[in-house]
Amino acid sequence: MREKEIESKLRREVKAMGGLALKFISPGLSGVPDRIVLLPGGRIAFIELKAPGKTMRPLQLKRKQQLEALGFSVYCIDQPQQIGGILDEIQTS
């Protein structure tokens, strides 16, 4: 499964929950996560999507740490089976 397929599955599952999975592009700031997930009840998290077995680059890890230091949750998904559990975690946190 490719990263794009995992991303499509994430978008579908977030939409089914009544939320949005917005593409996150930040001109002038590289390494930001791929998606901002917004769920009902004011739940928000950042998601980096990777092809199976791939990991975050050093700059992406730095951005993850910066966002977490501000109190945001940041997840990395490289398997479609991770999506449901992560969305449950976002919804209940």
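As a reminder, the structure under discussion sits directly above these lines.
All of these numbers come straight from a predicted model, not from anything done at the bench. (Residues numbered from 1 in each chain as written. Predicted model: local features only at pLDDT ≥ 70, side-chain atom pairs only at ≥ 80, totals over all residues. Heavy atoms only, no water.)

Asker: Explain the nonpolar core residue by residue, including any values.
Answerer: Ranked by internal contacts, the top residues of the largest apolar core, which has 15 residues, are Leu 10, Val 14, Val 37, Ile 47, Ile 77, Leu 87 and Ile 90. Among the elements of the structure, helix H1 (3–16), strand S2 (35–39), strand S3 (43–49), strand S4 (73–77) and helix H3 (82–92) are those that each provide at least two residues to this core. The leading source of residues in this core is H3, at four residues. Excluding anything up to four places from it in sequence, Ile 90 contacts Leu 39, Arg 43, Ala 45, Ile 47 and Tyr 75. (Core = buried A, V, L, I, M, F, W, Y, C linked by side-chain atoms within 4.5 Å. Buried < 20%, exposed > 50% of the residue type's maximum accessible area, 1.4 Å probe, protein only. Helix = DSSP H or I, 4+ residues; strand = E, 2+ residues; numbered from the N terminus. Contact = heavy atoms within 4.5 Å.)

Asker: Hey, could you go over the pairing of S3 for me, with residue numbers and the actual values?
Answerer: The buried fraction of S3 amounts to five of the seven residues, a majority that puts the element mostly inside the structure. Taken together, the five bridges between S3 and S4 define a ladder with parallel strand orientation. Its bridge partner being in S4, Phe 46 is matched across the sheet by Val 74. (Pairing = 2+ DSSP bridges.)

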